[in-house]
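# Summary of the model geometry
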Amino acid sequence: MTLKEAILKSLEEIGKLTNYNEVTNHIIVKNYYDFKEAKTPPATISALLGDFVRVGDSRVKRIKESGAYFYYLTKNEENIGLDILTGEIEVTKTKISKTEKSKNYEERDLHKILSSYLKNTDNYSKTIFHEQSNGKDNNQIWTHPDMVGIKFLNLQTKASQNFLKSINRVDTFKLSSYELKREINNDSELKKAYFQAVSNSSWANYGYLVAFEYSDSLFEEMSRLNQSFGIGIIELNANPYQSKVLFTAKYRDLDFKTIDKLCKINKEFEKFIEQTEKLMTAEERYYKSTEKELDEFCDNYFLNDSEVEKYCKEKYIPIDQDLS
């Protein structure tokens, strides 16, 4: 276990606002990391906690109260309670520059990075292989998204979940579509990729164009396209937790006719829809097992930073910093 992984594990187990001293003590008590090389463990932990925020790692947030910093895991935000988060929450929005990129990795090598980013934001995601669809349509890439995702409304009790389902089941989840590219370097590439995303996400609540790198000169045009057509834009980072939503997608009602068409021509898409419907209608005693079934059907994702670093090295995906 790396020191950063030990910090994340400790924050999860502490489960509340905490400071660097408490995190340090937790790591030592649990024997998660050997500090023999670090002369001042608390200072080391303090610096690394700050790094999570400075580099824009979406897993960790901090607030400042009475001149002191307190940290927590983003996914625990609702459990901590917004009423006690009275300090100023810091969110880094700086664009991270990337190193020169190798051309050896494939576009689909990025799918696991995107699925890990989405999993961290409580989205289940699945790659849809357009070449596996029925028919002889040569324009399948304009019909199929590269990946689909679903996020369920996080209600605390089963009773409230069932109550909302009985009113309007569509409001219990949101479906998203993702068009993924390695890089977009000029205006022509941007427009082609963007309108491909417009075309193959018409069925979803949200549509996103995702790329590993965008030319800085395209920011103004991305903003114009987003305002006009509503497709969001995500900048993917080799460290998935540093990926950024540059422009948020606009909400749309589901197009059930197109969903039905995609189910007819692509078995994986059909199964994804079936698995999500199965989870929404599962009885309480079967909910956990059904949720596990959906998770296993969806794309794989990284369990820790060490896996990210190893994968990027194997696939020749350039990474900005040593995650260890």
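The structure presented is a predicted model; accordingly, all values stated were derived computationally and were not measured.

### Some thoughts on the overall build of the protein
Tallying secondary structure elements over the protein gives twelve helices and nine strands in all. Burial status across the protein gives 48% buried among its 324 residues. Across the protein, the fraction of contacts at a sequence separation of at least 24, relative to all contacts at a separation of at least 6, is 68%.

### Digging into the pattern of salt bridges
For the structure shown, the criterion picks out 19 salt bridges. Across the pair Lys 315 and Asp 109 runs a salt bridge whose closest N-O atoms are separated by 3.9 Å. Of the two residues, Lys 315 sits in helix α12 (residues 305-315) while Asp 109 sits in the loop between β3 (88-90) and α5 (111-120), which places them 206 residues apart along the sequence. What makes Asp 109 buried here is its relative accessible area of 13%. Between Arg 285 and Glu 283 there is a salt bridge, with the nearest N and O atoms lying 3.1 Å from each other. A relative accessible area of 46% places Glu 283 in the partly exposed class. Salt bridges sharing common partners tie together Asp 187, Lys 191, Glu 221 and Arg 224.

### A look at the packing of aromatic side chains
Under the defined criterion, the tally for this structure stands at eleven aromatic pairs. Ring centres of Tyr 124 and Phe 152 lie 6.0 Å apart, and the angle between their planes is 70°; on these two criteria the pair is classed as edge-to-face. Of this pair, Tyr 124 sits in strand β4 (residues 124-127) while Phe 152 is found in strand β5 (residues 147-152), placing the two residues 28 residues apart along the sequence. Each of the two residues, Tyr 124 as well as Phe 152, counts as buried. Plain terms: the ring middles of Tyr 178 and Tyr 208 are 5.9 Å apart, the flat faces sit at 15° to each other, and that makes the pair stacked.

### Thoughts on the side chain of Asn 226
Following the sequence through the fold, Asn 226 ends up in helix α8 (residues 219-229). Setting aside chain neighbours within four positions, we find Asn 226 in contact with Tyr 194, Ile 231, Gly 232, Phe 247, Thr 248 and Lys 250.

### Focus on the pairing of strand β1 (residues 60-65)
Pairing between β1 and strand β2 (residues 68-73): six bridges, direction antiparallel. Residue pairing for β2: Lys 61 is matched across the bridge by Tyr 72. In this structure, the hairpin formed by β1 and β2 is closed by a connection of two residues, where Ser 66 is found at a positive phi of approximately 50°.

### Side note on the packing of helix α2 (residues 20-30) against helix α3 (residues 41-54)
Two elements in contact, α2 and α3, have axes separated by 9 Å at closest approach and are oriented at 115°. α3 is crossed by α2, and the crossing has right-handed handedness. Two secondary-structure elements touch here, α2 through Tyr 20, Asn 21, Val 23, Thr 24 and Ile 27 and α3 through Pro 41, Pro 42, Ile 45, Ser 46 and Leu 49. In terms of residue class, the contact of α2 with α3 is built from seven nonpolar, three polar and no charged.

### Overview of helix α10 (residues 267-280)
The first and last C-alpha atoms of α10 sit 20 Å apart over 14 residues, in line with the 20 Å expected at 1.5 Å per residue. The set of residues buried in α10 consists of Phe 269, Phe 272, Ile 273, Gln 275, Thr 276, Leu 279 and Met 280. One side of α10 carries all its buried residues, which in axial view fall inside an arc of 160°. One side-chain oxygen at the N-terminal end of α10 lies 3.1 Å from the backbone nitrogen of Glu 268; it belongs to Asn 266.

### Considering the packing of helix α9 (residues 256-265) against α10
Think of two packed helices as two axes; the pair is described by the angle between the axes and how far apart they sit. Taken N-terminus to C-terminus, the directions of α9 and α10 make an angle of 125°; their axes are 5 Å apart at the nearest point. Classified by the interaxial angle, the pair formed by α9 and α10 is oblique. Note on packing geometry: the crossing formed by α9 with α10 is left-handed. In this structure, α9 uses Ile 259, Leu 262, Cys 263 and Ile 265 to contact α10, whose residues at the interface are Lys 267, Phe 269, Glu 270 and Ile 273. Taken together, the residues that form the contact of α9 with α10 break down as six nonpolar, no polar and two charged.

### Considerations on the environment of Tyr 214
Take Tyr 214: it is sitting in strand β7 (residues 206-214). Not counting residues up to four positions away in its chain, the partners in contact with Tyr 214 are Ile 184, Leu 209, Met 222, Ile 233, Ile 234, Glu 235 and Leu 246.

About the thresholds
- Residues numbered from 1 in each chain as written.
- Predicted model: local features only at pLDDT ≥ 70, side-chain atom pairs only at ≥ 80, totals over all residues.
- Heavy atoms only, no water.
- Helix = DSSP H or I, 4+ residues; strand = E, 2+ residues; numbered from the N terminus.
- Buried < 20%, exposed > 50% of the residue type's maximum accessible area, 1.4 Å probe, protein only.
- Contact = heavy atoms within 4.5 Å.
- Salt bridge = Lys/Arg side-chain N within 4 Å of Asp/Glu carboxyl O.
- Phe/Tyr/Trp six-rings, centres within 6.5 Å; stacked < 30°, edge-to-face > 60°.
- Pairing = 2+ DSSP bridges.
- Axes fitted to C-alpha atoms, helices over the stretch in contact; angles between N-to-C directions.
- Left-handed = near helix turned anticlockwise from the far one by under 90°.
- Nonpolar A, V, L, I, M, F, W, Y, C, P; charged D, E, K, R; others polar.
- Expected span 1.5 Å × (residues − 1).
- Arc of directions from axis to C-beta.
- Polar contact = N/O pair within 3.5 Å; in protein donor to acceptor, adjacent residues only side chain to side chain.
- Parallel < 35°, antiparallel > 145°, perpendicular 65-115°, else oblique.

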